Amino acid sequence: MEYHLEIFDNHVILIDKDKRYLIDTGAPISISSENSIEIFNTNQSTDSTYHGANIDEISSYVGCRLDALIGNNILKNYTFRIDFENRLFSVWNSTPEEVINGENYITADFQGIPTIDVHINDGSTVTSWLDTGAKISYINKDYVQQLSPSDNKHDFFPSYGEFEVPIYDIPVIFNEVKIPFKFGVLPSPLELGMLSGKTSAIIGADIFHHFILSFDYMQNRIYVTKQSK
């Protein structure tokens, strides 16, 4: 199955007829205003809130109408591809042979939020969440102590509200390809809760401006294709 992708303020939004679904690998649950939704030709149960926010409040934070947030409880049952270059979201019940045989892959831990290792420009290996719901990528403040911010951006987290963060330019090596990348630094309470342990970074939707990624939860793999542009 293929669906049109809308990229709204760097959020990954799947369009299915008149429905708009935020794709969020950083969320363990899915939410909507109903008890269930129809997606990928099946009915799926949904919760009413995520970190205390309902779908109308999430819509307000994102800045556009959303009918549901789709999290890992649904996504884990499929292989899916996010393709910013062609504005396509593809989903399969199992990974197609052409993907397995035709694309490189990196190993990921799918026990919660998809977790991968990336390398930043000083050679450090950084354990990172790959969070499609994050419009900004983040890194622990310890990695930017000697750097000056190049920008500031606004973001939100449902239980925290809106905030502004400094942005730093830090090249990343992903799938053995060096790419320019930008990281924010979270407000201290959020960093303490998210990036104070083994996981030191969040790779957000910025990665899809460089690569087409296919998520295979069953095989613990993320298949990677470099964008042609």
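See above for the structure.
Residues numbered from 1 in each chain as written. Predicted model: local features only at pLDDT ≥ 70, side-chain atom pairs only at ≥ 80, totals over all residues. Heavy atoms only, no water.

Asks: Go over the overall build of the chain, please, and point to the residues and values.
Replies: Looking only at helices and strands, the chain features four helices and 21 strands. The globule rule puts the C-alpha radius of gyration for 229 residues at 17 Å, and the 17 Å found for the chain is close to it. Taken over the C-alpha atoms alone, the chain extends approximately 50 × 45 × 30 Å along its principal axes. Classification of the 229 residues of the chain by burial places 54% in the buried group. Taking the intrachain contacts of the chain between residues at least 6 apart in sequence as the baseline, contacts between residues at least 24 apart amount to 59%. In the structure as shown, the chain presents an accessible area of about 10,800 Å², 43% of it carried by carbon and sulfur atoms. (Helix = DSSP H or I, 4+ residues; strand = E, 2+ residues; numbered from the N terminus. Rg over C-alpha atoms; globule rule 2.2 N^0.38 Å. Buried < 20%, exposed > 50% of the residue type's maximum accessible area, 1.4 Å probe, protein only. Contact = heavy atoms within 4.5 Å. Areas by Shrake-Rupley, 256 points an atom, 1.4 Å probe, with all protein chains shown as cover.)

Asks: Summarise the pairing of strand β11 (residues 115-120); cite the residues concerned and give the values.
Replies: Across a regular strand the side chains alternate sides, sitting on one face of the sheet and then on the other. Sheet topology note: the β11/strand β12 (residues 125-130) ladder contains five bridges and is antiparallel. Each residue of the ladder has a partner; that of Thr115, found in β12, is Trp129. Relative to strand β16 (residues 172-174), β11 runs antiparallel, the two sharing two bridges. Looking across to β16, one finds that Ile120 is bridged to Val172. (Pairing = 2+ DSSP bridges.)

Asks: Give a detailed account of the layout of surface pockets, specifying residues and quantitative values.
Replies: In this structure, the largest pocket encloses a volume near 380 Å³. Around the largest pocket, the lining comprises 24 residues; the ones closest to its centre are Asp131, Gly133, Ala134, Phe156 and Phe157. Elements that contribute at least two residues to the lining of the largest pocket include exactly β14 (151-157) and α4 (188-194). If one sorts the elements of the lining of the largest pocket by residue count, β14 sits on top with three residues. Across the lining of the largest pocket, the residue classes break down as 17 nonpolar, three polar and four charged. Roughly 230 Å³ of internal volume is contained in the second largest pocket. As for the second largest pocket, its lining consists of 16 residues, and the residues nearest its centre are Asp16, Lys19, Tyr21, Glu38 and Ile39. Mapped by element, the contributors of at least two residues to the lining of the second largest pocket are β3 (19-23) and β5 (36-39). Ranked by residues supplied to the lining of the second largest pocket, first place goes to β5 with four residues. Grouping the amino acids of the lining of the second largest pocket by side-chain chemistry returns five nonpolar, four polar and seven charged. (1 Å grid on protein atoms, 1.4 Å probe; cavity = no way out; pocket = protein on both sides within 12 Å on 5 of 7 lines; lining within 4 Å. Points joined across faces, edges and corners; volume = space filled by probe spheres on them. Nonpolar A, V, L, I, M, F, W, Y, C, P; charged D, E, K, R; others polar.)

Asks: Before we move on, can you summarise the environment of Ile55 with the specific residues and values?
Replies: On the secondary structure map, Ile55 appears in helix α1 (residues 55-62). Assessed through its relative accessible area of 3%, Ile55 is described here as buried. Placed 24 residues apart in sequence, Ile55 and Ile31 show a C-alpha to C-alpha distance of 6.5 Å. Those residues in contact with Ile55 that lie beyond four places of it in its chain are Ile31, Ser32, Ser33, Ser48, Leu66, Asp67, Ala68 and Leu69.

Asks: I'd love a proper account of the sheet that holds strand β2 (residues 11-16), names of residues and values included.
Replies: Taken in spatial order, the 10 strands of this open sheet run β4-β7-β3-β2-β1-β9-β8-β20-β21-β10, and their pairing is mixed. Of all strands in the sheet, those with a lone pairing partner are β4 (31-32) and β10 (104-107), marking the two edges.

Asks: Go over the pattern of salt bridges with me, naming the residues and quoting the values.
Replies: Under the definition given, this model contains seven salt bridges. Two residues, Lys17 and Asp16, come together in a salt bridge whose shortest N-O distance is 3.6 Å. (Salt bridge = Lys/Arg side-chain N within 4 Å of Asp/Glu carboxyl O.)

Asks: Account for the side chain of Ser200, naming residues and giving values.
Replies: With respect to the secondary-structure elements, Ser200 resides in the loop between α4 and β19 (201-203). With near-sequence residues (within four places) excluded, Ser200 lies in contact with Val126, Thr127, Tyr138, Ile139, Asn140, Tyr143 and Leu195.

Asks: Before we move on, can you summarise empty space enclosed by the protein with the specific residues and values?
Replies: As enumerated under the stated definition, the model contains one cavity of 30 Å³ or more in all. With three residues, the top contributor of residues to the lining of the largest cavity is strand β18 (residues 182-184). Classifying every residue of the lining of the largest cavity by side-chain character gives three nonpolar, two polar and four charged.

Asks: Requested: an account of the environment of Val99, with residues and values cited.
Replies: Here Val99 is to be found in helix α3 (residues 97-102). Looking at Val99, the relative accessible area reads 1%, which means it is buried. Along the backbone, Val99 and Ser33 are 66 residues apart, and their C-alpha atoms lie at a distance of 35 Å. Setting aside residues no more than four positions away along its own chain, Val99 makes contact with Arg81, Trp92, Ser214 and Tyr223.

Shape is all these values report; function is a separate question.
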